[in-house]
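Take a look at the letters that make up each chain.
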Amino acid sequence: LGFEGSVLGLAEEAVVLAAGQGDSIFIELPNGECMLIDASEREYANRIISFIDCLGYTKIDHLIATHPHADHIGGMKAVFDKFTVKRIYMNNKGTKEQVYNDLLKAIENEGIKKLPAVAGNLIKDIADDVTGMFVAHRTLTDDLNENSAVFYLTYGNRSFLFMGDAGFKEEESIAWEYKSDVIKVGNHGAATSSGDEFLKNANASIAVISCGKDNAPAKETLDRLNK
């Protein structure tokens, strides 16, 4: 089914899907609901929806679009076509790309409202002992990566940071506030993400990098993670 593996003890399971250079993280919650953070590129949509379908889900309770680049939202139209989406969280900075227009049309057809994926917005009804909060972005810029919705999820005494494509600038806005056990590394391991101060203060023991086989993480980033 093309998944890389489960990530340390989140609720039932958190799975980082092997979806090329794009991001897609599927989370099963202890109340029977689920969450999908991003849906990679369009070409990986069938892999993503097949994985979720095989687990027996017919709806996505919480869908997060971290930002409108095609390697994060390209498969979302297919997700809407296959599943009932209850809620979607995203920012208002879009693009003229077809994948973004397809997503907006899918949201309209589903008849749901876009909920803001901005710093301070809580998802209050996730599940018992599970909390979720967007900790960035704080201001919108012309840099779509730095507008990424950064999502902080806790379950019991475990904590997770899902960084989207956030780079140094966005990391600085949260660097001193959020410890985590697991980080989904920003921007596929690019050299412009995962700065020293951010990593030091997050103090995670696990880092997960979503990247394509021909787009290895930057050596500088791996060196900072190893350090």
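Basis of the calculations
Residues numbered from 1 in each chain as written. Predicted model: local features only at pLDDT ≥ 70, side-chain atom pairs only at ≥ 80, totals over all residues. Heavy atoms only, no water. Helix = DSSP H or I, 4+ residues; strand = E, 2+ residues; numbered from the N terminus. Buried < 20%, exposed > 50% of the residue type's maximum accessible area, 1.4 Å probe, protein only. Contact = heavy atoms within 4.5 Å. Pairing = 2+ DSSP bridges. Phe/Tyr/Trp six-rings, centres within 6.5 Å; stacked < 30°, edge-to-face > 60°. Axes fitted to C-alpha atoms, helices over the stretch in contact; angles between N-to-C directions. pLDDT = per-residue confidence, 0-100.

## A few points about the environment of I123
Checked against the element boundaries, I123 lands in strand β10 (residues 122-127). Classification of I123 as buried rests on a relative accessible area of 4%. For the pair I123 and M133, spaced 10 residues apart in the sequence, the C-alpha separation amounts to 6.1 Å. Setting aside anything within four residues of it in sequence, one finds I123 in contact with M35, H62, Y89, G132, F134 and F151.

## Brief notes about the pairing of strand β4 (residues 34-37)
Neither face of β4 is left uncovered, since the one carrying C34 and L36 and the one carrying M35 and I37 both have all their residues buried. Here four bridges tie strand β3 (residues 25-28) to β4, and the two strands are oriented antiparallel to one another. Paired with I27 across the bridge in β4 is M35. With antiparallel pairing between neighbouring strands as the criterion, β3 and β4 make up a hairpin whose turn holds five residues, including G32 at a positive phi of roughly 90°.

## Section: the packing of aromatic side chains
This model, assessed by the stated rule, comprises six aromatic pairs. Aromatic pair F26 and F51: ring centres 6.1 Å apart, planes at 85°, arrangement edge-to-face. Residue F26 is located in strand β3, and its partner F51 is located in helix α1 (residues 45-54); the two are separated by 25 residues in the primary sequence. Taking relative accessible area as the criterion, F51 reaches 4% and is therefore assigned buried. Aromatic side chains F134 and F151 sit 4.9 Å apart centroid to centroid with 50° between the ring planes, which places their arrangement in the tilted category. Placement of the pair is F134 in strand β11 (residues 130-136) and F151 in strand β12 (residues 150-155), with a sequence separation of 17 residues. For F134, a relative accessible area of 0% translates into the label buried. The exposure class of F151 is buried, given its relative accessible area of 1%. Members of the aromatic cluster, joined through ring pairs, are F26, F51 and Y57.

## Brief notes about the sheet that holds β11
Strand order across the open sheet formed by six strands is β10-β11-β12-β13-β14-β15, with mixed pairing between neighbours. Pairing within the sheet leaves two strands with one partner each, and these edge strands are β10 and β15 (206-208). Between one strand and the next, the sheet's axes are offset by a mean angle of 20°, whatever the strand orientation. Looking at chain direction, strand β13 (residues 158-162) and strand β14 (residues 182-184) are connected through three bridges and run parallel. Within β14, the residue paired with L161 across the bridge is I183.

## Notes on the confidence of the model for the chain
Per-chain confidence: the chain averages 90 in pLDDT, with 94% of residues scoring 70 or above. Counting contacts from residues 1-11, a segment whose pLDDT is below 50, to residues more than four positions away or on other chains yields 39 contacts.

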